[in-house]
Every structure is written in structure tokens, then in C-alpha cells.
Amino acid sequence: MAIQFLGSSTASESMTSVSFLRQYVARQIDNLFPSLSEPLELETAWVEEALNRVNYCVRRIKAFGGKDFDPLNSGQYATFLYYLSSVVHERGGGGDIPTKLFLLNKALNGIELFYEVKMPPVFLIGHTVGTVFAKATYGSHCIFHQGCTVGRNGDDRPVLERGVILYPNASVIGACRIGENTVVSPGVQLVNTSTPGHCIVFSGPDGRPVFKPTHQYYAERYLDCDD
């Protein structure tokens, strides 16, 4: 089946179909990471499940007004590629396809989000560039901006509770439990440091974090948090 490209409403609508996405993603992978044998094939069930997951997530992002996934939105597409790589891995098939999907996401969107990382059903990547996600524990309705890092320190990995926000260039590394509704301000580095939750974290004069209590649930600015 020939792929319809943008230029009409019919073509634009087709970009969110399972049949289109199967070919769209496969062609991108074959262009960047070509096989010496057969062209890459994505199973319909994989793409369908990933599409369901990304639609569930995107519909809860307030900026998009409840609309479904748009492959031409880089943050949404990065989320879809992550879900797709995760689905293929979970289903135990595909050989090196999960790795190629991970590498495609990294090449296109500048994001490090491996398929073995367990992300929740609802989260938001505000901007993808320079974001790094370790195999940490991620609560639902978390929000990540460009340049932020969730990293391990030896065997210690962070735990992010529900509604955590990392603003640009913030880092959470090692044995950290980031309490619910914690907002980590731009550039703040938390290394083996936990937060009490329901707070905004600033960097103090000596570089140590300062916690300012807040009674506002900041994730609600971005996401529908009712579920």
C-alpha cells in the first residue's frame, strides 16, 4: 500500500492509522539503521497497542485539548516511539527492533528513553532535547522539560512520586525519593537527596536545595489529574 503524504486533509488523517504508522516508522528505521536482509516489519498488534497507549496519554495533556496523537508533534512522537519499543519488548518479539526504535527516538528527538524503563500511562515530555531517563521508578502525571536528567548513582536509582515536575536542566540522581507534587526548579541538582513533597525546590546560596511549601498542585497546569 502506498503511503499518503501531507497535502490534504485525507492524507493528514491517515497519519494516525495503524497501517500508515507501521510503514512510516519502518521506513525511518530502514533509512537510519538499514538491514542487509529484509526490510523491517512491524506487527499490526504492536503498533495498535502503542497507538492506544499514546492516545490515552495525549488526551490528558491540556495543551492539546483532548485531541489524539499527532505524529508531527515531536514530543508526542517521542512518546509513541517509546511506547512502541516497550510494547515490542514486552511481547518478547522483534529481535533488535526495540533497540532500533530506541535509537530512532534518540536520533530524531535527542531523548534517552530505553524500552526497559517503566513509564506510567500518563506523563508529559515538554521538550525532548537532552532528556535522559534512567531505569528509575516513575509515578503517574510527571512532567519533564528539556535537558533534565533522571540518573542512577551506582545501584541507587531515584523514585519519583505522582505529579513531579522537572524544569529545564534539573537533575535527580541516585538515592532520591521525590515526593508527590514536587517542582524541581531549572538547573537544580538533587543527588542522593529526597524531597518532602508538595514543595518547590530551589538552589540555596551554598548549593544545597531549599524546599518552599506549596498548596498548588502544579501538574494540573499541564495535565488532567482526575484519573
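As shown above, the structure is provided for reference.
Reading the values: rules and limits
Residues numbered from 1 in each chain as written. Predicted model: local features only at pLDDT ≥ 70, side-chain atom pairs only at ≥ 80, totals over all residues. Heavy atoms only, no water. Helix = DSSP H or I, 4+ residues; strand = E, 2+ residues; numbered from the N terminus. Rg over C-alpha atoms; globule rule 2.2 N^0.38 Å. Areas by Shrake-Rupley, 256 points an atom, 1.4 Å probe, with all protein chains shown as cover. Lys, Arg positive; Asp, Glu negative; His and termini not counted. Charge placed at Lys NZ, Arg CZ, Asp CG, Glu CD. Pairing = 2+ DSSP bridges. Contact = heavy atoms within 4.5 Å. Core = buried A, V, L, I, M, F, W, Y, C linked by side-chain atoms within 4.5 Å. Buried < 20%, exposed > 50% of the residue type's maximum accessible area, 1.4 Å probe, protein only.

Q: Report on the overall build of the chain, specifying residues and quantitative values.
A: Along its length, the chain carries 5 helices and 14 strands. Relative to the globule expectation of 17 Å for 227 residues, the C-alpha radius of gyration of the chain, 19 Å, shows essentially globular dimensions. Dimensions of the chain, computed from the C-alpha atoms along their principal axes, are close to 60 × 40 × 25 Å. Roughly 10,800 Å² of accessible area belongs to the chain as shown, and the carbon and sulfur atoms make up 51% of that amount. When the 19 basic and 22 acidic side-chain charges of the chain are each reduced to a single mean position, those positions are 4 Å apart.

Q: Describe in detail the pairing of strand β13 (residues 199-203), supporting the description with residues and values.
A: Judged from the 3 bridges that link them, strand β11 (residues 182-184) and β13 form a sheet pairing that is parallel. The residue of β13 that forms the bridge with Thr182 is Cys199. In this sheet, strand β14 (residues 209-213) lies alongside β13 in antiparallel orientation, the contact comprising 5 bridges. When the sheet's bridge partners are listed, Val201 is paired in β14 with Phe211. Hairpin connection between β13 and β14: a loop of 5 residues separates the two successive antiparallel strands, and Gly207 in this loop has a positive phi of roughly 85 degrees.

Q: Quick one: what's the story with the environment of His127, residue by residue and with numbers?
A: You can see His127 is positioned in the loop between β2 (123-125) and β3 (131-133). Between the C-alpha atom of His127 and that of Cys176, which follows or precedes it by 49 residues, the distance is 23 Å. The contact partners of His127, leaving out residues within four places of it in the chain, are Phe144, His145 and Gln146.

Q: Mind laying out the nonpolar core, listing which residues take part and the relevant values?
A: If you look at the biggest cluster of nonpolar residues, it comprises 55 residues, and the most contacted ones within it are Val25, Phe80, Leu84 and Phe144. Those elements that provide at least two residues to this core are α2 (18-32), α3 (44-58), α4 (74-90), α5 (97-109), β1 (111-113), β2, β5 (142-144) and β13. When residues of this core are assigned to their parent elements, the largest contribution, 9 residues, is made by α4. Those residues within four positions of Leu84 in sequence are excluded, and the remaining contacts are Val25, Leu42, Trp46, Val47, Ala50 and Leu101.

Fair warning: the whole summary comes from geometry, so function is off the table for now.
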